[in-house]
Amino acid sequence: MSGGGRNRTQEALAALAQPNPGRVGRPVLATLGPGELALLAEVGLEPLGLVGGSGSASWSLAGVGSGGEDGWTWALLDALGAARAELVDEASRLGADGVASAELRLEREPGNLLTCQLLGTAIRDTQRRQPGHARRRPAPFATTFGPGELHLLLRAGYAPAALVVGAAVAALPARAAGQAIGWSRSDGELAGWTAALYEARERAMAGLGAEAAAAGALGVVGVRFEERPVVSVMVRAVELLVLGTAVVRVERRGAPLRPEPRVPLDDPPPEVFQGGRRRR
Amino acid sequence: MTEPRRAPGSRLSVAEAAAVRRMGLRPVGLVLGTAVLQVVSSAWAGAGPVSGSARRYPCQHFLGGPAEHWGWNVEDPGLTGSVLAGFGLALERARADALGMGADGVVGLELTVDRRVGGSTAWTFQALGTAVALVPEGGDPPRPSRTPFLAAFSGRQLERLLLQGLVPVTVAVGAGACLVQPSCRTRGDPTVPGRVDQRRDALTLVRDRARRSLEAAAEEAGGQVLGITWQDLRLPGWGESWLQLAEAVGTVVRPFAAPLPAASPTATVALRP
């Protein structure tokens, strides 16, 4: 048993037995754990509070497949944009410099309604307040990165600039009746569908890139794709959402980063059975 | 004949137990706090008395329409109170269990709600964790009577917390509930597409209320809340209406000493096959 650890615990328990010291000001709420708190502190960041934003929009399904998907894309971007704007606004009101661990929750309802929510922890840059760093505060950034990734990013000399999004809807053209019911005797690429997916992905990525450029970013990292096929009597489409963190170059913080290759000895046990069949 | 010695139960993994032991603590048993509550909600009790925030959302159709196309959001403080009371009882019973074992605290506390037993209005709140106690040594001075701490953190997180000069005090619960009677647009009526303010407002309201109850718990314990986990639920009400519920759980911590200097973490590239 570590004597130092025991003494620390004894000290903590003795402090706990003392009367409540009371608190001045608003208490800090954070999704972060103790280890994450230490990682943030090392690169000069501290949590300020729990922040969130939500947005919801619906669209008309009529016209999808004949150029009518614009309203759909608008609704996706509007819901995401409203959630992001509220998240950043709440962080700004707390006097934060950014939001870490922004978690996106999507709730899709009867085919033509998307509700999204972003929840994260507002953080303050403690080094910005020091003399020599004083300058006009820009709008808080948001990132899906947790403290671990944020810590590495700052040590590598990059900082998040904004949470950027893109969206598009691929309207899939109708197939021949035989193909649709599975009676086709010949296989082959559905070129129209492939092209529609390519085109939609490019549009979504172009939107993401445009937002990153507007934020003055060097690039976008941690890009996440969300795809959803929507098939009904009226519609055959694939909805695409893209989300990532736009980053900029900054002065390195903390100790220099020199990654070391390691062989972990805690491999999980191999899965013997998968899908009812024994793996070889 | 002597009674066989009871082995203490523990939910800690080997690594968690090792971390707890490094801090001079040992597991003394499993604690369980349970409370089954008849929960109260305006959604199930019909249009009963409600208080708090309320807002209407008009029909979006050009010619207007019957009242059924209107929607409204009404805050449900009754359900919020029931959720907070249920978790509060479960936590207090877990704490009493730990006190009975002579424990100094409870780690890895997990809170659950079972909404299946007894239909939709009887909810079972449970708090399950591992009680830990400081291993006594010969020269230890007697400690004052104490209330065991409660922490949702695991053993390793507790170790990091103590090294950072923070001690867990209790587990804080936040809750917020809102009854949503959807308007035509909120129902997803494809003839009136657009921004759905009603859904956004319901989420914002329950999030705000849950945050307020977390803040109140933090203020009462004189600390800050870390490790918050969050869940949003949509429970069916009458007809098309539903209850938007937010539940949040975190650990209230308080500073007791200056943090110990920690070595800068080493970045590694795992060569796992």
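Higher on the page you've got the structure.
Residues numbered from 1 in each chain as written. Chains lettered and ligands numbered in written order. Predicted model: local features only at pLDDT ≥ 70, side-chain atom pairs only at ≥ 80, totals over all residues.

Asks: Before we move on, could you go through the environment of B:Q224 and cite the residues and values that matter?
Replies: Note on placement: B:Q224 falls in strand 9 (residues 224–236). Sequence spacing of B:Q224 and B:V253 is 29 residues, and the spatial spacing of their C-alpha atoms is 5.5 Å. With residues up to four places along the chain from it excluded, the contact list for B:Q224 reads A:P27, A:V28, B:A218 and B:V253. (Helix = DSSP H or I, 4+ residues; strand = E, 2+ residues; numbered from the N terminus. Contact = placed C-beta atoms within 7 Å.)

Asks: Run through the nonpolar core, naming residues and quoting values.
Replies: The biggest cluster of nonpolar side chains holds 139 residues, and the ones touching the most others in it are A:V99 and B:V106. If you tally residues by element for this core, the top one is strand 5 (residues 158–171) of chain A, at 12 residues. With sequence-adjacent residues up to four places away left out, A:V99 is seen in contact with A:V51, A:L87, A:V88, A:A91, A:G120, A:T121, A:A122, A:P140 and A:A142. (Core = buried A, V, L, I, M, F, W, Y, C linked by C-beta atoms within 7 Å. Buried ≥ 20, exposed ≤ 12 C-beta atoms within 10 Å, placed from the backbone.)

Asks: Break down unusual backbone geometry for me, with residues and values.
Replies: Residues and elements named next belong to chain A. Of note, S101 is a non-glycine position whose phi angle comes to about 55°, a positive value. Inspection of the secondary structure puts S101 in strand 2 (residues 98–109). You can call S101 buried: it has 22 C-beta atoms within 10 Å.

Asks: Give me the sheet that holds strand 5 (residues 122–134) of chain B: which residues, what numbers.
Replies: Residues and elements named next belong to chain B. Overall, mixed pairing links the 4 strands, which are arranged 1-5-4-6 in an open sheet. Whereas interior strands pair on both sides, the edge strands pair on one side only; in this sheet they are strand 1 (25–38) and strand 6 (149–150). As judged from the 13 bridges shared by strand 1 and strand 5, these two strands associate in the antiparallel manner. Each bridged residue has a counterpart across the sheet, and for G33 the counterpart in strand 5 is A127. (Pairing = 2+ DSSP bridges.)

Asks: Which residues make up the packing of helix 2 (residues 34–42) of chain A against helix 3 (residues 155–163) of chain B, and what values go with them?
Replies: Between helix 2 of chain A and helix 3 of chain B, the shortest axis-to-axis distance is 8 Å and the interhelical angle comes to 45°. For the element pair helix 2 of chain A / helix 3 of chain B, the angle class is oblique. Between helix 2 of chain A, through A:P34, A:G35 and A:A38, and helix 3 of chain B, the contact on the second element is made entirely by B:Q157, B:R160 and B:L161. Here the contact of helix 2 of chain A with helix 3 of chain B is composed, by residue class, of 3 nonpolar, 2 polar and 1 charged. (Axes fitted to C-alpha atoms, helices over the stretch in contact; angles between N-to-C directions. Parallel < 35°, antiparallel > 145°, perpendicular 65-115°, else oblique. Nonpolar A, V, L, I, M, F, W, Y, C, P; charged D, E, K, R; others polar.)

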